[in-house]
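Structural characterization, general
What follows is each chain in one-letter form.
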Amino acid sequence: MRNIPHYINGARVEGTSGRTADVFNPATGEVQAQVPLANASELNAAIESAKKAQVAWGAANPQKRARVMMKFVDLLNRDMHKLAEMLSSEHGKTVPDAKGDVQRGLEVAEFCIGAPHLLKGEFTEGAGPGIDMHSVKQPLGVVAGITPFNFPAMIPMWKFCPAIACGNAFILKPSERDPSVPVMLAELMSEAGLPDGLLQVVHGDKEAVDGLLDHEDIMAIGFVGSTPIAEYVYTRGCANGKRVQCFGGAKNHMIIMPDADMDQAVDALIGAGYGAAGERCMAISVAVPVGEDTANRLMEKLTPRVENLKIAPYTAGDDADFGPLVTKEAHERVKGYIDAGVKEGATLAVDGREFKMQGYENGYFIGGCLFDNVTKDMSIYKEEIFGPVLSVVRAQDYEEGLDLAMSHEYGNGVAIFTRDGDTARDFAARINIGMVGINVPIPVPLAYYTFGGWKRSGFGDLNQHGPDAFKFYTRTKTITSRWPSGIKEGAEFSIPTMD
Ligand code: NAD
């Protein structure tokens, strides 16, 4: 049995708590490794060495930190396939999808190469007589990230790349369901020249998370995961005086206007609704055709496409639409939602519940499911399913479609498909959701924009990656200087006048 180590002070470290969790191969249902679950003393030791290492790193010039990111990008490209294979084996997603997971994180590392520019302060010459004023952005110290299972490469990199480029030390508590890739990433950061102790990977569950939330030396916490845990982490972290940003679950709508290109809309729904088995926070889980005719045309084209989705283990080649769900629990939860949808009166146009993958009968596979005539009061509409299940909610007109998306408690992503410029512009202006696609189903912002949901999809006032991350992981100090030419006889030195 493979034992996955923590990564502390530049070395692989065995767990000592005596508690472990099983890591499964979702395609076969077999336990393929064990991951240690850290206790408080293991966590404290990691934080202590991070704190020591951060002092010199925070004082290092930003070009030096940027050069580590530059080399890291090269190493990610070198090891792309190896990382993707490991990721697929623990998560279940296809290898091309896993490469996308690494690639999206790599792009954040690329953005962080700009740290010397992004960390520049401001300067005012002559703010008063003989007085100049300037601001500097300084690292916070030791910061932490708690990340979900569904992007085990990209989301850790969203967090640790900017944090480290800003001069912080970083404690990563990745998901215990697919923990190998985060350790591989930390090793690559060491190989890229990152001094020991600046990126620590500490595996664990609630005990480790609580340890981070309560530790006085953790200055900031970035969390990504489900909304109930996001809220918990936000509340407890803030109560402890930390800077906290938490990103949660989603229910992303795609409005299909009568003038939309229906083939394009159906293609988009296949990728966005079923890719990665729907285990994406930016997946489309609700399609809203506007008008009966649009709905009928949509169902006519979409139904056979969902029936013919290709499902396979990651080892079967690159052309599958999606693989298994991550765990047995996830499989049961998704099945439970489909049963509930049927009970609540939605029309199950495509039923994937009985799908069995030949030769992989113990894997966590489920077929694509398509519901029609879903209404606002149903659990399959209100809650995040996180599986390959798309709900069609029919709207009479544009305002009803807009209102549906606006009144949902989640606000991560949304899309509209239309050829009408005025409708698209009106939609983008009025919608109360953080990431908006116009004829783009998964509007994931590139690394140089910020990524973040609204409403119950995001807690905290700054978003992830892009310029916001450089604000989140630094604090600004403002310095007022009076030069000898500004010191007048008898002037009060400590309170410079600005006249
Ligand atoms: P999760 O909430 O179960 O776990 C996230 C992290 O929290 C993990 O590291 C886990 O170990 C930890 N955790 C779990 N239970 C905890 C508890 N009781 N106390 C403290 N920590 C706990 O989420 P998941 O299933 O790994 O990921 C899927 C969820 O993440 C979905 O809801 C998805 O929408 C969301 N997600 C959101 C974004 C975004 O940017 N908004 C991105 C990706 C995923």
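Just so it is clear, the model here is predicted, and its values are computed rather than measured.

In terms of nonpolar packing, the biggest core is built from 95 residues, with F72, F160 and I171 touching the most fellow members. If one sorts the elements of this core by residue count, helix α6 (residues 154-165) sits on top with nine residues. Domain assignment of the residues forming this core places at least three in each of domain 1 (2-119 + 137-247) and domain 2 (252-459 + 475-481). In this structure I171 touches L43, A46, I47, A50, V142, V143, A144, G145, Q200, V202, L212 and I218, once residues within four positions along its chain are discounted. I270, V326, A405 and I431 belong to the second largest nonpolar core, which has 65 residues in total.

Following the criterion strictly, the structure yields 27 salt bridges and no others. In this structure, E187 engages R12 in a salt bridge whose closest nitrogen and oxygen atoms are separated by 2.5 Å. Residue E187 is found in helix α7 (residues 180-191), and its partner R12 is found in strand β3 (residues 11-13); the two are separated by 175 residues along the sequence. Classification of E187 by relative accessible area gives partly exposed; the value is 26%. The network of salt bridges with shared partners includes K206, D210, D214 and R236.

Where helix α3 (residues 80-91) meets helix α4 (residues 95-112), the closest approach of the two axes is 8 Å, and the angle between their N-to-C directions is 120°. As judged from the angle between their axes, α3 and α4 are oblique. The two elements α3 and α4 meet at a crossing, and its hand is right-handed. Contact with α3, carried on its side by M80, H81, L83, A84, E85, L87 and S88, involves V95, A98, K99, D101, V102, Q103 and L106 of α4 and no other residues of that element. Here the contact of α3 with α4 is composed, by residue class, of eight nonpolar, three polar and three charged.

On to the site of the ligand, then. Every one of the 28 residues lining the ligand counts as a neighbour, but T147, K173, E176, S226 and E384 are closest to it. With respect to the ligand, the side chain of E176 contributes an N or O atom lying 2.7 Å from an oxygen atom. In the model, an oxygen atom of the ligand is placed 3.2 Å from a nitrogen or oxygen of the R177 side chain. Isolated, the ligand exposes 850 Å² of accessible area, and the fraction of that covered by the protein chains is 89%. Of all the secondary structure elements, the ones that give two or more residues to the shell around the ligand are α6, α8 (206-214) and β11 (218-224).

Where the parts come together, the accessible area they lose is often given as the size of the interface. Domains assigned within the protein are domain 1 (2-119 + 137-247) and domain 2 (252-459 + 475-481). On a C-alpha basis, the centroid separation for the pair domain 1 and domain 2 is 28 Å. At the junction of the two partners, domain 1 supplies 39 residues and domain 2 supplies 36 residues. Approximately 3,100 Å² of surface area, both sides summed, lies buried where domain 1 meets domain 2, with 61% of it carried by carbon and sulfur atoms. For the domain 1 face of the interface with domain 2, the top three residues by lost area are A27, T227 and F247, together amounting to 16%. Two residues, E231 and R456, come together in a salt bridge whose shortest N-O distance is 2.8 Å. Run the count over domain 1 and domain 2 and you get eight residue pairs in polar contact (both at pLDDT 80 or more). Broken down by secondary-structure element, the contributors of at least two residues to the side of domain 1 that touches domain 2 are α3, α4, β7 (131-139), α9 (227-239) and β12 (243-247). Top element by residues in the side of domain 1 that touches domain 2 is α4. It accounts for seven residues. A breakdown of the residues in the side of domain 1 that touches domain 2 according to their chemical character gives 18 nonpolar, eleven polar and ten charged.

Another aspect to go through is the sheet that holds strand β4 (residues 20-25). Taking strand neighbours across the sheet as the criterion, the three strands line up as β1-β5-β4 in an open arrangement whose pairing is mixed. Here the strands that pair on one side only, and so sit at the sheet edges, are β1 (2-3) and β4. Relative to strand β5 (residues 30-36), β4 is paired through six bridges, and the arrangement is antiparallel. If you follow A21 over to β5, its bridge partner there is V35.

With respect to the secondary-structure elements, H134 resides in strand β7. Along the sequence, H134 and T480 sit 346 residues apart, while their C-alpha atoms lie 6.5 Å from each other.

This part covers the packing of aromatic side chains. For the structure on display, the rule yields ten aromatic pairs. With a centroid separation of 6.4 Å and an interplanar angle of 75°, the aromatic rings of F24 and Y364 are classed as edge-to-face. Taken together, the residues F24 in strand β4 and Y364 in the loop between β15 (347-350) and β16 (369-372) connect sequence positions 340 residues apart. Residue F24 is classed as partly exposed on the basis of its relative accessible area of 26%. On the accessibility criterion, Y364 (6% relative accessible area) is buried. Aromatic side chains F111 and F470 sit 5.9 Å apart centroid to centroid with 80° between the ring planes, which places their arrangement in the edge-to-face category. In this pair, F111 sits in helix α4 while F470 sits in helix α16 (residues 466-472), placing the two residues 359 residues apart along the sequence. With relative accessibility at 17%, the residue F111 sits in the buried group. For F470, a relative accessible area of 2% corresponds to the buried category.

Cut-offs applied
- Residues numbered from 1 in each chain as written.
- Predicted model: local features only at pLDDT ≥ 70, side-chain atom pairs only at ≥ 80, totals over all residues.
- Heavy atoms only, no water.
- Core = buried A, V, L, I, M, F, W, Y, C linked by side-chain atoms within 4.5 Å.
- Buried < 20%, exposed > 50% of the residue type's maximum accessible area, 1.4 Å probe, protein only.
- Helix = DSSP H or I, 4+ residues; strand = E, 2+ residues; numbered from the N terminus.
- Domains from an automatic or database assignment.
- Contact = heavy atoms within 4.5 Å.
- Salt bridge = Lys/Arg side-chain N within 4 Å of Asp/Glu carboxyl O.
- Axes fitted to C-alpha atoms, helices over the stretch in contact; angles between N-to-C directions.
- Parallel < 35°, antiparallel > 145°, perpendicular 65-115°, else oblique.
- Left-handed = near helix turned anticlockwise from the far one by under 90°.
- Nonpolar A, V, L, I, M, F, W, Y, C, P; charged D, E, K, R; others polar.
- Near = heavy atom within 4 Å.
- Polar contact = N/O pair within 3.5 Å; in protein donor to acceptor, adjacent residues only side chain to side chain.
- Areas by Shrake-Rupley, 256 points an atom, 1.4 Å probe, with all protein chains shown as cover.
- Buried area = accessible area lost by both parts, 1.4 Å probe.
- Pairing = 2+ DSSP bridges.
- Phe/Tyr/Trp six-rings, centres within 6.5 Å; stacked < 30°, edge-to-face > 60°.

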